Amino acid sequence: MNDSTLREVIEDLNSAAVGREMLALASELFPICRSITGQGVRKTLALLQEVIPVEVHEVASGTEVFDWTVPNEWNIRGAYIRDPSGRKIVDFSSSNLHVVSYSSPVQGVFSLEELRPHLHSIPEHPDWIPYRTSYYQETWGFCLSHRQLSELKEGDYEVSIDASLEAGYLTYGELVLPGETPAEVLLSCHICHPSLCNDNLSGLVVSAFLARALGKISRKFTYRFIFIPGTIGSITWLAKNEETVHRIHAGLVLANLGDAGDFTYKRSRQNNSSIDTAVVQALVDSGLEYEIEDFVPFGYDERQYCSPGFNLPVGSLTRTPYGRYPQYHTSADDLDFIRSDALGGSLSLYLDVLAILEQDRTYLNLNPKCEPQLGRRGLYGSLGGRSDGRERELATLWVLNYSDGHHSLLRIAERSGLKFSAIAAAAQRLLGADLLEEVS
Amino acid sequence: MNDSTLREVIEDLNSAAVGREMLALASELFPICRSITGQGVRKTLALLQEVIPVEVHEVASGTEVFDWTVPNEWNIRGAYIRDPSGRKIVDFSSSNLHVVSYSSPVQGVFSLEELRPHLHSIPEHPDWIPYRTSYYQETWGFCLSHRQLSELKEGDYEVSIDASLEAGYLTYGELVLPGETPAEVLLSCHICHPSLCNDNLSGLVVSAFLARALGKISRKFTYRFIFIPGTIGSITWLAKNEETVHRIHAGLVLANLGDAGDFTYKRSRQNNSSIDTAVVQALVDSGLEYEIEDFVPFGYDERQYCSPGFNLPVGSLTRTPYGRYPQYHTSADDLDFIRSDALGGSLSLYLDVLAILEQDRTYLNLNPKCEPQLGRRGLYGSLGGRSDGRERELATLWVLNYSDGHHSLLRIAERSGLKFSAIAAAAQRLLGADLLEEVS
Amino acid sequence: MNDSTLREVIEDLNSAAVGREMLALASELFPICRSITGQGVRKTLALLQEVIPVEVHEVASGTEVFDWTVPNEWNIRGAYIRDPSGRKIVDFSSSNLHVVSYSSPVQGVFSLEELRPHLHSIPEHPDWIPYRTSYYQETWGFCLSHRQLSELKEGDYEVSIDASLEAGYLTYGELVLPGETPAEVLLSCHICHPSLCNDNLSGLVVSAFLARALGKISRKFTYRFIFIPGTIGSITWLAKNEETVHRIHAGLVLANLGDAGDFTYKRSRQNNSSIDTAVVQALVDSGLEYEIEDFVPFGYDERQYCSPGFNLPVGSLTRTPYGRYPQYHTSADDLDFIRSDALGGSLSLYLDVLAILEQDRTYLNLNPKCEPQLGRRGLYGSLGGRSDGRERELATLWVLNYSDGHHSLLRIAERSGLKFSAIAAAAQRLLGADLLEEVS
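How each quantity is defined
- Residues numbered from 1 in each chain as written.
- Chains lettered and ligands numbered in written order.
- Predicted model: local features only at pLDDT ≥ 70, side-chain atom pairs only at ≥ 80, totals over all residues.
- Heavy atoms only, no water.
- Salt bridge = Lys/Arg side-chain N within 4 Å of Asp/Glu carboxyl O.
- Helix = DSSP H or I, 4+ residues; strand = E, 2+ residues; numbered from the N terminus.
- Buried < 20%, exposed > 50% of the residue type's maximum accessible area, 1.4 Å probe, protein only.
- Contact = heavy atoms within 4.5 Å.
- Least-squares fit on C-alpha atoms with pLDDT ≥ 70 in both.
- Axes fitted to C-alpha atoms, helices over the stretch in contact; angles between N-to-C directions.
- Parallel < 35°, antiparallel > 145°, perpendicular 65-115°, else oblique.
- Left-handed = near helix turned anticlockwise from the far one by under 90°.
- Nonpolar A, V, L, I, M, F, W, Y, C, P; charged D, E, K, R; others polar.
- Phe/Tyr/Trp six-rings, centres within 6.5 Å; stacked < 30°, edge-to-face > 60°.
- Lys NZ or Arg CZ within 6 Å of the ring centre and 35° of its normal.
- Buried area = accessible area lost by both parts, 1.4 Å probe.
- Polar contact = N/O pair within 3.5 Å; in protein donor to acceptor, adjacent residues only side chain to side chain.
- Patch = residues over 30% accessible without salt bridge, like charges linked within 9 Å, V, L, I, M, F, W, Y side chains within 5 Å.
- Areas by Shrake-Rupley, 256 points an atom, 1.4 Å probe, with all protein chains shown as cover.
- Lys, Arg positive; Asp, Glu negative; His and termini not counted.
- Charge placed at Lys NZ, Arg CZ, Asp CG, Glu CD.
- Pairing = 2+ DSSP bridges.
- pLDDT = per-residue confidence, 0-100.

**Q** Could you give me a rundown of the pattern of salt bridges, with the residues and numbers involved?
**A** Scanning the model with the defined rule gives 63 salt bridges over all chains in all. Measuring nitrogen to oxygen at the nearest pair gives 2.9 Å for the salt bridge that ties Arg376(A) to Asp67(C). Of this pair, Arg376(A) sits in the loop between β17 (362-365) and α11 (391-402) while Asp67(C) sits in the loop between β2 (64-65) and β3 (68-69), placing the two residues on different chains. A salt bridge links Arg339(B) to Asp341(B); the nearest nitrogen and oxygen atoms lie 2.8 Å apart. Take Arg339(B): its relative accessible area is 38%, and that puts it in the partly exposed class. It is possible to trace a salt-bridge network through shared partners that takes in Glu174(A), Glu184(A), Arg224(A) and Arg247(A).

Dropping the structure here:
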């Protein structure tokens, strides 16, 4: 840990260059066939360990986690369909989306009629392969383009899925960066999707680069990054950490961070917790277009963090939310769909949010009766009578007037319409002039 | 009482057919000359008793009711004006609106100049007869079309009002349908208007058919229907029931329910009581156009129920509110002005409101930490990865997430944007799966 | 003190005639060279004493007032610049704006280059002289039109400022009009600007005429008018009155009240104190266009009254706010810029605000169960059945229904959408009928 601050990291950030690094990491991770368990998750975490010191956890199949049970581990070596002429028309080796995730092993010959219920396509996008899973109901299936499906002729098809579904482990990654206080900021992303980029290699690489940046600075909060399979992963993690999640002061679920769309923030169930206010402030300050949405009990792992028995202050900050872009959960969510500038911009916004959390404080004005004389302290312009107020001076006045022990800097920024960074800088100047005192 | 529920009644409702029945009842009630007391009220209640077992109450003239005194009973046998040529130009037997309600008896000859202050018309609608009353200041008068009034020539007019204003009774009807709990839903309509339809034979027939429908089912709440003269009736009823009105959990004043206009809901003085939320939800769920208005201390009997000493949770759900349609309080508010489909639709909406009140509950999610595994309980689609959420599943997730003991189903419906019926159905499924418990 | 009320004063007000008187007083005050201290302030207060019995206070230079020190007294007798040809090109005697307020004495010859940093102009308005001050950093300077500045040629300029900056006094005026209660209404205006009209001779004359009007009536509140130099004046006054400012129930800072613009109200930091509600109500009732703005910690002396250690209920009611009209702090803010009708209208609105404060009360309906029978008390029309509600009767019903001890007349006016005066008059009628009782 060194002494530079997050604000300095932000000032030094070359978001275009970092965006290209992030896209490069996504490209390395892309070919791996991930699911909620299995070798693909282990390979993914091993690659991440080249960037950040993430620790790998393994939880045995059959472990009870609240109402759920850790499932058997699924691994797949290959799969294909041969048409009546013996030609391989669908081959797992050309795209891992071709096989329904968690398909049970199968080896046999099927008529087209028998095969058809096991084939999935997207009629509206005839060239794309859909992404399908069946974790908790044993079945098997293939996904293929609708164009290909439509051309299938009557006859006997040879089908092979060389997969195993056996007792093993659920694998996830965790990285803790201790801070001055045990209060934690949770950053959670799901790593269970195969060759799909926006959902969710984008969340994975933003998380990794965020961890890398935070590793280099002195931190107020303790940061906990978790790389988990969706749903069963957060449930497992919550079950294992039930006693300590009360330390979570703020959290975000990272996903869909590489597309060209505007940011969307989905509030935590608490609605106005400090993560909610901090994200809104960062978005306002960014000058970008954005959407704010209230919590709904569906989406990614925030649905577990925000279940009523936990109700943690965890929101989700994405670009285009899941299900609202046609490429979602199809082969079109590929390396061409995500952009290095979008990844860099997402990292930059996350850093802004965390800088607000790190810098937010509540102060007491030590000279609360009338304004202090700022002029003699060099904190105010000396030649009066001008009609233009300067933002620096306004920020100073806002901090003085509202530092009554009840308004944090974040609330003052919100109330004033000024940027959080301007308010935080004014507080620094006033602290330097012994005009403020921190309220614990 | 049998075991069918209000929801089943609603599903079986043939609103067109019932609307025609309602219009037929209104037609029977139309010719009767009602006022705040007298034989007209008794005849009206007698006719209602053919539909529902309403009980008739008589309160003696002179009874003190809060700041008021039950007035003498008014009855009228006939009335006319003969012009100088001896021709009957105004005759009570052709329309009971012709006589100002509560006119004192009169018999004599008057010059046109003497007569004129006793004649009322509507210049803007020269063919319509206005409706006028003078309950508490003894006078007499006639109402006639402005066209007729304008043609009156100088000369002596013979005037006769064969009425009596003597000690008697104030008559009202009451019907109580006991439920599982003593908590009451009050349904109040005024029955003091003579041959006027929207105001308020419409309220009277919707009330009667509502009582008929509720009589056939098992009820959570106790329902109390009152058929009372306006103002003095509700004051009298409140005076007689002062000790028990605290049982009123929700209430509505029924009026103007037969015209072709959209629904308007006037909130109770409490503003956000459960009747207010239930009506708003029923209107939203209906998909119809509607208006919501805040409480104002004028209108119908809600002004008494919502007087500050009672402040009961009683709103008023109408179609076009009083005074906002030109036919209001004129002879044009006749059997042609109200429509069977409007009456049927009003009944249907009232049933929806009451179904929400009946079904609203607050539950506790018994598996509050993370989501329960819905799939293995058959409560969730099994093939993941699809981008379309189904309403059934969303409703299930909403009920689970917000059943924290603080959100009733009504509040969950409001928060989710889903229909109350979908939320209530989800709660039933979750109860069936032992995932919820009712909070008392 | 006599027995007429503020409402009667308002009814008798000839705002056009009074506006002309106010403009005449402003014309007398215009030529005086005021600053935050000195003879100009004393002359100003002496002239005011011809209108109202304002008391003059003197506070010695060097007095500590919170974080500030009362500065030396500044007086100026004359000042000029002669060009290289010996011609007086800038002369204090033609406009007191020519000299930067609080300039130190200077006598000497300067090259144009040496002189230039001491010269101030407004390039966007080349014919106007700006207004500049330098109270707390000793310097000297001249203000002149940009046209004149642009024409200056190289050469030696003779500069003279015959001023003194020596131990003396800060002078301010105060007038207290005692009322029935010790609770105070504070009316504060700054008197430190030289020949500038809207800012702030307008505030000064509205204050004076308000005091004159209030002097003639019986008052509920005690009124305190203060005529002070900006910033240091309110700080000094607060320091001297620290123990008693808790009596301030409401307050306003008066400025910019003579221009042709609409009214703008800047709320107190408390945001919804009774002065805030009263001003908003008066503006609504006026039927005029207006703007309402939230408190911000810059502006006039409200920034001191609303500093967090005081947080007094003091707002600022102006026409066009400071800095939002081009003439602001320039020689164009002269006697032609302010208008007698605007001054009269401002006085009238301030009287309306104070009448609301004076008349606001909270009552208890003594007949809270159902409506009282208004008809027999002559408080309600007797011939029922009409569709038009009359405002008088509506006001009566509003006051009765909401006089539950929790709603003041002001809140009832706000809730009803009726004018405060109509609500207050209804309350008077109901008091006369023994239907209300004041809640202390």
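Next comes the rest of the description.
**Q** An account of the environment of Asp83(C) is requested, with residue identities and associated values reported.
**A** Residues and elements named next belong to chain C. Inspection of the secondary structure assignment puts Asp83 in the loop between β4 (73-82) and β5 (88-91). With a relative accessible area of 13%, Asp83 lands in the buried category. Between the alpha carbons of Asp83 and Leu115 there is a distance of 11 Å; along the sequence they are 32 residues apart. The contact partners of Asp83, leaving out residues within four places of it in the chain, are Ile89, Asp156 and Tyr157.

**Q** Lay out the relation of the copies chain B and chain C with the relevant residues and their values.
**A** Laying chain B over chain C is done by rotating through 120 degrees and shifting 0.1 Å along the axis; what remains is an RMSD of 0.1 Å. What the rotation and shift describe, once combined, is the action of a three-fold rotation axis. Rotation axis and chain B: the residue whose C-alpha lies nearest the axis is Asn272(B), separated from it by 13 Å.

**Q** Outline the packing of helix α2 (residues 15-29) of chain A against helix α10 (residues 340-359) of chain A, supporting the account with residue identities and numerical values.
**A** All names here are of chain A. Two elements in contact, α2 and α10, have axes whose closest approach is 7 Å; the angle formed by their N-to-C orientations is 110 degrees. With respect to α10, the axis of α2 lies roughly perpendicular. Handedness of the crossing formed by α2 with α10: right-handed. When α2 is examined against α10, the residues Ser15, Val18, Gly19, Arg20, Met22 and Leu23 are found in contact with a partner set consisting of Ser340, Leu343, Gly344, Gly345 and Leu347. Across the contact of α2 with α10, the residue classes break down as five nonpolar, five polar and one charged.

**Q** Mind laying out the packing of aromatic side chains, listing which residues take part and the relevant values?
**A** Overall, the coordinates contain 39 aromatic pairs over all chains when judged by the stated rule. Aromatic pair Tyr135(B) and Tyr136(B): ring centres 6.1 Å apart, planes at 75 degrees, arrangement edge-to-face. Its relative accessible area of 38% is what places Tyr136(B) among the partly exposed residues. Look at Trp68(C) and Tyr136(C): their rings are 5.5 Å apart centre to centre, the planes differ by 75 degrees, and that puts the pair in the edge-to-face class. A residue pair is termed long-range when its members are at least 10 positions apart, and Trp68(C) in strand β3 and Tyr136(C) in the loop between β7 (119-120) and β8 (142-143) qualify at 68 residues. Of the residues examined, Trp68(C) reaches a relative accessible area of 7% and is grouped as buried. Above the ring of Tyr80(C), the side-chain terminus of Arg82(C) is found at 5.0 Å from the ring centroid.

**Q** Outline the interface of chain B and chain C, listing residues and values.
**A** Each partner contributes residues to the interface: chain B has 30 residues there, and chain C has 25 residues. Note on chain B versus chain C: buried area summed over both sides is about 2,400 Å², and carbon and sulfur give 52% of it. Here Asp404(C) ties to Arg269(B) by a salt bridge, and the two come within 2.9 Å at their closest N and O atoms. Taken together, chain B and chain C are joined by 14 residue pairs in polar contact (both at pLDDT 80 or more). Here the residues of the side of chain B that touches chain C sort into 15 nonpolar, nine polar and six charged.

**Q** Which residues make up the side chain of Ser273(B), and what values go with them?
**A** Along the chain, the position of Ser273(B) falls in the loop between β14 (263-266) and α8 (274-286). Those residues in contact with Ser273(B), other than ones at most four positions away along the chain, are Ser268(B) and Pro313(B).

**Q** Lay out the interface of chain A and chain B with the relevant residues and their values.
**A** Counting from both sides, the interface comprises 30 residues of chain A and, opposite them, 25 residues of chain B. Of the roughly 2,400 Å² buried where chain A meets chain B, counting both sides, 52% is carbon and sulfur surface. Scanning the region where chain A abuts chain B turns up five salt bridges. A salt bridge links Glu371(B) to Arg303(A); the nearest nitrogen and oxygen atoms lie 2.5 Å apart. Joining chain A to chain B, the criterion identifies 14 residue pairs in polar contact (both at pLDDT 80 or more). Looking at side-chain class alone, the side of chain A that touches chain B contains 15 nonpolar, nine polar and six charged residues.

**Q** Summarise a negative patch on the surface; cite the residues concerned and give the values.
**A** A cluster of acidic side chains, namely Glu113(A), Glu114(A), Glu154(A) and Asp156(A), defines a negative patch on the protein surface. Relative to the elements of secondary structure, Glu114(A) occurs in helix α4 (residues 112-115).

**Q** I'd like a description of the sheet that holds strand β11 (residues 184-190) of chain C, backed by residues and values.
**A** All names here are of chain C. The eight strands lie next to each other as β1-β10-β12-β11-β13-β16-β14-β15, forming an open sheet whose pairing is mixed. Every interior strand has two partners, whereas the edge strands, β1 (55-60) and β15 (290-293), have only one. Pairwise comparison of adjacent strand axes, ignoring direction, gives a mean angle of 20 degrees for this sheet. With five bridges connecting them, β11 and strand β13 (residues 248-254) associate as parallel partners. Each residue of the ladder has a partner; that of Val185, found in β13, is Ala250.

**Q** Requested: an account of the sheet that holds strand β19 (residues 436-438) of chain A, with residues and values cited.
**A** Residue and element names in this part refer to chain A. Taken together, three strands build an open sheet; the order of strands is β18-β17-β19 and the sheet is antiparallel. Each having just a single partner strand, β18 (404-408) and β19 make up the two edges of the open sheet. Across the sheet, the mean angle separating the axes of adjacent strands is 35 degrees when strand polarity is ignored. Of the strand pairs in this sheet, β17 and β19 are connected by three bridges, and their pairing is antiparallel. Counterpart to Asn365 in the pairing with β19 is Leu436. Those strands touched by helix α12 (residues 409-416) are β17 and β18, and its axis lies near 70 degrees from that of β18.

**Q** Account for helix α7 (residues 232-240) of chain C, naming residues and giving values.
**A** Of all nine residues that make up α7(C), seven are buried, and the element is covered over most of its length. Residues of α7(C) that are buried include every one of Ile232(C), Gly233(C), Ser234(C), Ile235(C), Thr236(C), Trp237(C) and Leu238(C), and no others.

**Q** Account for the environment of Ile412(B), naming residues and giving values.
**A** All names here are of chain B. Considering the arrangement of structural elements, one finds Ile412 in helix α12 (residues 409-416). Of the residues examined, Ile412 reaches a relative accessible area of 0% and is grouped as buried. Between the alpha carbons of Ile412 and Ile423 there is a distance of 7.4 Å; along the sequence they are 11 residues apart. Ignoring any residue separated from it by four or fewer positions in sequence, one finds Ile412 in contact with Trp398, Val399, Tyr402, Ser403, His407 and Ile423.

**Q** Mind laying out the confidence of the model for chain A, listing which residues take part and the relevant values?
**A** Summary statistics for chain A give a mean pLDDT of 95 and a share of 97% for residues scoring 70 or more. Scored by ipTM, the complex comes to 0.93, with pTM at 0.92.

**Q** An account of unusual backbone geometry is needed here, citing residue identities and associated values.
**A** Omega for the bond connecting Asp199(B) with Asn200(B) falls within 30 degrees of zero, at 15 degrees, which places this linkage in the cis form. Examined against the element boundaries, Asn200(B) turns out to sit in helix α6 (residues 197-214). Phi at Tyr102(A) is positive, roughly 75 degrees, even though this residue is not glycine. By relative accessible area, Tyr102(A) is classed as buried at 2%. With phi around 60 degrees, Asp434(B) is a residue other than glycine that occupies positive phi space. Along the chain, the position of Asp434(B) falls in the loop between α13 (420-432) and β19 (436-438).

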